[in-house]
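A structural walkthrough
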Amino acid sequence: MNKLPLVLKIKGILKYIFNYISAEVKHARENVIITKIFLAFMSIIISLIIWVFVAWDGNTDGTKNITIPITFTNLSKGYSLFPSTNKVTVKLADKIINLSHIQEDDLKATVDLKDLQIGKYVLPIRIDLQSSVAVAGLNPSTVEVEVYRNIERTIPLTWKIVGDEDPKAKIDSVEIIPDSVRINGPEIDVMSIQTVDALIPSDKIMKGEAIIVPVEIATDRSDLKKRVHLSHQQVSAKLKMKNDIKSQKVPVTISVTGVPFSGLELDTVRVVPEQVFVEGDSAVVDTVKAINLPPVDISGLDQDLQLLVPLLPLDLPSELTVVGPDRAKIDIKLRKKIKTRRFRNIRLGIKGATHGVNYKVSPEFVELLIEGPQSEIDKIDSNNLPCDVFVDVSNIVSKQIIIPILINKIKDGFTMIKVSPEEVLLTVTE
């Protein structure tokens, strides 16, 4: 065993102890007895240290943790991956003297991606160690990887004003340099991107000069920006300003034509952006109350729909322009057709009755007004109502009392609009 490093450490400790003892002796000259006791105690400590040094032979068992990078091998050409982690902590177990020689470069962690296609996989981590030292554990022992086809696509840049818009802003045109951006990343993510905007701060509109502005993907997905790479994070935007031009914010509207699939009806239609700026001659701008987009045909539609449409108004005067994005997102939501139906002569049920006691309610029959999906409510009759209609006679001690009618277990999608009457007269006889 090579004891030289330990000898140097012991030498340093003994030197420190010697200096400490000298200082104590100097301060304790007036008390000889205390000094002798102290020196005896320190002699024992030094003897113990020397004994441990001589007796320890480095064969004590121990463990050591080393964190190393993971190497991913055999990835098929044209594919890329997202790993859940790039590092693994390896726990080694052996004699302490053996562990002291193991360094990070002595270990290699690999994950084999051979023959893997597009998808997500949980794969084991393999550790190669050029030593007899045992691997006691891994953290983590597996890694989740997403294999994807990597593609590149070029998209023209659009521009968008951000911040508090200045109604006096008069933009004639915007020149973006470069006018397009390359997107690199997973195929499914790259193909989902429709718009990339150059974001122009509203407080710089009036300067009429080239400015450096950030580039941003128009998306609601928070993870998309991390999964794809843009060739440009910033671009140059040069604004050309107009004179004697009025800018006015107006709402964006859209209508629908046709009817959806049987049993469904239109719920809501939402346009994003809800408002845009219209610019041009002030007299003409004042006549524009809204931007009306071409109608969307929902004939036969059987589910909610989202689509991007060009922001091209139907009736906007030719001398006016729309400032801002060139597309609008249309969000169309459907719902089941709702129908209200009246059910007459529904016999009241009685719950909580005591054995041997007779109960009579007056009236015995009630009328219900129920709302529900048209396709389902038309199938209902008095024998298969979507709810229980009853009176609860438990704990009734009066011979005659007015009690409320109760509704329970109403089926999802149905609503009880009205019960007539709401109360009945209960008569109890034994």
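Residues numbered from 1 in each chain as written. Predicted model: local features only at pLDDT ≥ 70, side-chain atom pairs only at ≥ 80, totals over all residues. Heavy atoms only, no water.

**Regarding the sheet that holds strand 29 (residues 415-420)**
Spelled out, the test is: We call two strands paired when DSSP finds no fewer than two bridges between them. Each helix is a run of DSSP H or I of at least 4 residues and each strand a run of E of at least 2, with the numbering of both proceeding from the N terminus. The axes are straight lines fitted to the C-alpha atoms, using for helices just the contacting stretch, and the angles between their N-to-C directions are given from 0 to 180°.
Pairing is antiparallel in the open sheet, where three strands are placed in the order 22-25-29. Edge positions in the open sheet fall to strand 22 (338-347) and strand 29, since each of these has one partner strand only. Within the sheet, the average angular offset between the axes of one strand and its neighbour, ignoring direction, is 20 degrees. In terms of strand pairing, strand 22 meets strand 25 (residues 365-373) through eight bridges, oriented antiparallel. Across the sheet, lysine 339 pairs through a bridge with glycine 372, a residue of strand 25.

**Topic: the layout of surface pockets**
The criterion, for reference: With a 1 Å grid spanning the protein atoms alone, the term cavity applies to any set of points in which a 1.4 Å probe fits but cannot get out, the term pocket to an open set with protein on both sides within 12 Å along at least five of seven lines, and the term lining residue to any residue with an atom within 4 Å of a point. Grid points are joined across faces, edges and corners, and a volume is the space filled by probe spheres set on the points. We call Asp, Glu, Lys and Arg charged. Ala, Val, Leu, Ile, Met, Phe, Trp, Tyr, Cys and Pro are nonpolar, and the rest, Gly among them, are polar.
Here the largest pocket is characterised by a volume of approximately 950 Å³. Taken together, 33 residues form the lining of the largest pocket, with Lys160, Ala218, Val272, Leu308 and Lys329 sitting closest to its centre. Within the residue set of the lining of the largest pocket, elements represented by two or more residues are strand 8 (142-162), strand 12 (210-217), helix 5 (224-227), strand 17 (275-280), strand 19 (305-310) and strand 21 (327-336). For the lining of the largest pocket, the class distribution of residues is 14 nonpolar, seven polar and 12 charged. Counted as a void, the second largest pocket has a volume near 240 Å³. Along the walls of the second largest pocket sit 15 residues, with Trp159, Thr321, Val322, Val323 and Gly324 positioned nearest its centre.

**Structural notes on the nonpolar core**
Considering soluble globular proteins, one finds that nonpolar side chains tend to be buried as a cluster. As a reminder, the rule being used: Nonpolar cores are built from buried Ala, Val, Leu, Ile, Met, Phe, Trp, Tyr and Cys residues. Side-chain atoms within 4.5 Å join them into one set. Three labels apply to residues, based on accessible area from a 1.4 Å probe with only protein chains included: buried if under 20% of the type maximum, exposed if over 50%, partly exposed otherwise in between. Note on contacts: a residue pair qualifies if any of its non-hydrogen atoms lie within 4.5 Å across the two residues.
Grouped together as the largest cluster of nonpolar side chains are 28 residues, with contacts concentrated most on Trp159, Val196 and Ile200. Listing elements by their share of this core, those giving two or more residues are strand 8, strand 9 (171-177), strand 10 (180-186), strand 11 (196-201), strand 12 and strand 14 (234-241). Counting residues per element, this core draws most heavily on strand 8, at five residues. Residues within four places of isoleucine 200 in sequence aside, it is in contact with Trp159, Lys160, Ile161, Val162, Val174, Ile211, Val213, Ala237 and Leu239.

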